[in-house]
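Spelled out from the first residue to the last, the chains are:
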Amino acid sequence: MSALAGARVVLGVTGGIAAYKAIEVSRRLVDAGAHVVPVLSEGAERFVGRVTFDALASEKVQTSLWDETSPIPHTRLGQTADCIVVAPATARLLADYRMARSDDLLTATLIATRAPVVVCPAMHTEMWENAGVQDNIDVLRDRGVTIVDPEPGRLAGGDIGHGRLAAPATIVAHIERALTTPDLAGLHVLITAGGTKEAIDPVRVISNRSTGKQGYALAEAAFARGATVTLVSTVDREAPAGVEVVAVESAAEMQDAVMARQSADIVIMAAAVADFRPVDPPDQKIKKTGGAVPEIVLEKTHDFLVDLGHQKRPGQTIVGFAAETSDVVDNARGKLERKQLDCIVANDVSAPETGFAHDTNAVTLVFADGSTRAVALSPKRVIADAIFDGIVQLRATPTPSA
Ligand code: CTP
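Residues numbered from 1 in each chain as written. Predicted model: local features only at pLDDT ≥ 70, side-chain atom pairs only at ≥ 80, totals over all residues. Heavy atoms only, no water.

(A) Quick peek at the overall build of the protein. Within the protein, the regular secondary structure consists of 13 helices and 19 strands. Principal-axis analysis of the C-alpha atoms gives the protein an extent of 80 × 60 × 40 Å. Expressed as a percentage of the 402 residues in the protein, the buried residues total 48%. Relative to all contacts within the protein whose residues are 6 or more apart in sequence, the contacts with residues 24 or more apart total 65%. (Helix = DSSP H or I, 4+ residues; strand = E, 2+ residues; numbered from the N terminus. Buried < 20%, exposed > 50% of the residue type's maximum accessible area, 1.4 Å probe, protein only. Contact = heavy atoms within 4.5 Å.)

In structure tokens, the structure reads:
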């Protein structure tokens, strides 16, 4: 389950044109089960109405140090929060927070907390690039504050440049990461996703029914758990927040992308890689004029998961997937042994609601020591976290010396 569910998140909003995006951040947090406490600076109220936050967040907006009856409200919010996020954060907020200057409820809350803090700056490019602002960012980062960098794009007044508030989905992914036990911190996780496409000619391909949903869910989970994540994907889909995506199409391209990053600490081959491809596809489209129906001759692709398994370095974890329609666990175990994997995720793609294109899955994790762990029908993100639970446990278990 996402760490956002049940978390108490103070959402600080300061005065910038991007303040309207904080409404979307609030909505996404509430949808994920978080309890959102909105705190607006005086400046923020010039850009967004408190009524909107009152309606969409979990509590009424608070702004002042003086509008509560309790004698210590300025520390209470910070003490009870599981996470504090400021989106957008102005240059002034960064300076105040860096200096630990508390002159309103939001800055007082930031100073009076031990909870993780996520700061999402947004400002004009010139301000963002100012040495003083960058210095404040560096200091806050060094103190352990998560800074969600602004993105390039259109700014207030029509300027184009760096300084636009990060997308709400990105901000929420960083809040989730701040709330999650970082059991993959310091690790590089390489994941493949989607079905490969093998060219018949320049316009036609042979592919399979994989949509990449399980691979993307794995990438999201790995980022939340603190990893550096690379996703080698055949799928045309928005990159998960914080994840480097390498776009590929064919099995050969996927092989090149994966083998170039073979040093990753954990490799999970969730992609449905073609086993066969057309031999020597022509450069020109095959025309139907002439009458003859073309014959497509196939050749085997190279199974590079075998290479990964056989070239495994100490401390590395290699995980495969086995999409099966019968004798699921036995077939998967055979592949695990042949490919010398640490774990294989056995997937009965013929069962209802599981496998290709579904939002849910049911799998059995098969480990090299012969043990298995069944994960019942669940959303693919829950399956992804169960896979990482298994991997983390496996990595914590000392391997018997040969
Ligand atoms: N795989 C790979 N390269 C290939 C084919 C498969 O790296 N050319 C990987 C897949 O990403 C998956 C695992 O091998 O993690 C098992 O793939 P699967 O197609 O289920 O098994 P195969 O070994 O190809 O056996 P079969 O298709 O006969 O069931």
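Structure's up, so let's keep going.
(B) Quick look at the nonpolar core. Residues Ile191, Leu218, Ile268 and Phe388 are the most contacted members of the largest nonpolar core, which totals 35 residues. If you list the elements that add at least two residues to this core, you get strand 8 (188-193), helix 9 (213-224), strand 11 (228-233), strand 13 (266-269), strand 16 (317-324), strand 17 (343-348), strand 18 (360-367) and helix 13 (380-396). For this core, the leading source of residues is helix 9, giving 7 residues. Residues contacting isoleucine 268, with those up to four places away along its chain left out, are Leu190, Ile191, Thr192, Leu218, Val319, Phe321, Phe388 and Ile391. Counting residues in each nonpolar core, the second largest holds 31 residues, with Ala22, Ala44, Ala57 and Val148 among its members. (Core = buried A, V, L, I, M, F, W, Y, C linked by side-chain atoms within 4.5 Å.)

(C) Quick peek at the side chain of serine 250. Considering the arrangement of structural elements, one finds serine 250 in the loop between strand 12 (244-247) and helix 10 (251-259). By relative accessible area, which is 14% here, serine 250 ends up buried. Residues contacting serine 250, with those up to four places away along its chain left out, are Thr196, Lys197 and Glu198.

(D) Seen up close, the packing of aromatic side chains. Summed over the entire model, instances satisfying the criterion amount to 0 aromatic pairs. The ring of phenylalanine 223 has arginine 177 lying over it, and the distance from NZ or CZ to the ring centre is 4.3 Å. (Phe/Tyr/Trp six-rings, centres within 6.5 Å; stacked < 30°, edge-to-face > 60°. Lys NZ or Arg CZ within 6 Å of the ring centre and 35° of its normal.)

(E) Seen up close, the site of the ligand. Neighbouring the ligand are 16 residues, the closest being Met269, Asp275, Phe321, Lys335 and Lys339. One of the side-chain nitrogen or oxygen atoms of lysine 335 is found 2.7 Å away from an oxygen atom of the ligand. Listed by contribution, the elements that provide at least two residues to the shell around the ligand are helix 11 (304-310), strand 16 and helix 12 (328-339). In terms of residue count, strand 16 provides more of the shell around the ligand than any other element does, 4 residues in total. For the shell around the ligand, a count of residues per class yields 9 nonpolar, 3 polar and 4 charged. (Near = heavy atom within 4 Å. Polar contact = N/O pair within 3.5 Å; in protein donor to acceptor, adjacent residues only side chain to side chain. Nonpolar A, V, L, I, M, F, W, Y, C, P; charged D, E, K, R; others polar.)

(F) The sheet that holds strand 3 (residues 83-89), seen in detail. On the basis of which strands lie adjacent, the open sheet formed by 5 strands has the order 2-1-3-4-5 and parallel pairing. A strand with exactly one partner marks an edge of an open sheet, and here the two such strands are strand 2 (35-40) and strand 5 (146-147). As defined by bridge partners, strand 3 adjoins strand 4 (residues 117-121) across 4 bridges and the pair is classed as parallel. Counterpart to valine 85 in the pairing with strand 4 is valine 118. Packed onto the sheet, helix 1 (residues 19-31) meets strand 1 (8-13), strand 2 and strand 3 and runs at close to 170° relative to strand 1. (Pairing = 2+ DSSP bridges. Axes fitted to C-alpha atoms, helices over the stretch in contact; angles between N-to-C directions.)

(G) Summary view of helix 10. Within helix 10, the full set of buried residues consists of Ala251, Met254, Gln255, Ala257 and Val258. Buried residues of helix 10, seen end-on, are gathered within an arc of 170° and therefore sit on one face of the element. Here the buried face of helix 10 lies against strand 8, strand 9 (198-199), strand 11, strand 12 and helix 11. (Arc of directions from axis to C-beta.)

(H) Inspection of the environment of glutamate 176 at higher detail. In this structure, glutamate 176 sits in helix 8 (residues 168-179). With relative accessibility at 10%, the residue glutamate 176 sits in the buried group. Spatially, the C-alpha atom of glutamate 176 lies 23 Å from that of threonine 52, the residues being 124 residues apart in sequence.

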